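In case you want the letters, here they are:
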Amino acid sequence: MIPNDALINYLRTELDYHYKGQSDRVVLYKKRGSTKRLEIRRNATHDETVVKVLLRQAGAEPAEIERFIAQYRAATH
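Just so it is clear, the structure is predicted and the values come from calculations on it, not from any experiment.

Caption draft 1: Spatial organisation of the sheet that holds strand β4 (residues 37-41). Reading across from one edge, β2-β3-β4 is the order of the three strands in this open sheet, with antiparallel pairing throughout. In this open sheet, the two strands that pair with only one neighbour each are β2 (17-22) and β4. On average, adjacent strands in this sheet sit at an angle of 30° to one another, irrespective of strand direction. Across the sheet, helix α1 (residues 4-13) lies against β2, β3 (26-31) and β4, angled at about 165° from β4, the strand it touches most. The strands that helix α2 (residues 48-58) touches are β2 and β4; relative to β4, the one it contacts most, it runs at about 160°.

Caption draft 2: Layout of the packing of aromatic side chains. Under the criterion given, the structure shown has three aromatic pairs. Taken together, a centroid distance of 6.0 Å and an interplanar angle of 80° make the contact between Tyr19 and Tyr29 edge-to-face. With a gap of ten residues between them, Tyr19 in strand β2 and Tyr29 in strand β3 connect regions that are remote in the sequence. Given the relative accessible area of 7%, Tyr29 is considered buried. An aromatic cluster is present here, built from Tyr10, Phe68 and Tyr72 joined pairwise through their rings.

The rules behind these values
Residues numbered from 1 in each chain as written. Predicted model: local features only at pLDDT ≥ 70, side-chain atom pairs only at ≥ 80, totals over all residues. Heavy atoms only, no water. Pairing = 2+ DSSP bridges. Helix = DSSP H or I, 4+ residues; strand = E, 2+ residues; numbered from the N terminus. Axes fitted to C-alpha atoms, helices over the stretch in contact; angles between N-to-C directions. Contact = heavy atoms within 4.5 Å. Phe/Tyr/Trp six-rings, centres within 6.5 Å; stacked < 30°, edge-to-face > 60°. Buried < 20%, exposed > 50% of the residue type's maximum accessible area, 1.4 Å probe, protein only.

Here it is, written out as structure tokens:
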């Protein structure tokens, strides 16, 4: 399980996304200078498969995605 804060920080620092708005269940982030948007569910943690899909949609490289997930997989086991 990947913490929500870690996912948000990665999107903001590494992939240049910024906060756009929120609703009851999701938070919307937008890539600067682009029309790409991501809806992140307002959960405390996210499953690895959900994080892989979100980061792939955000434009992260597969190796970066695996490295990011491996950090938290090692920390929880």
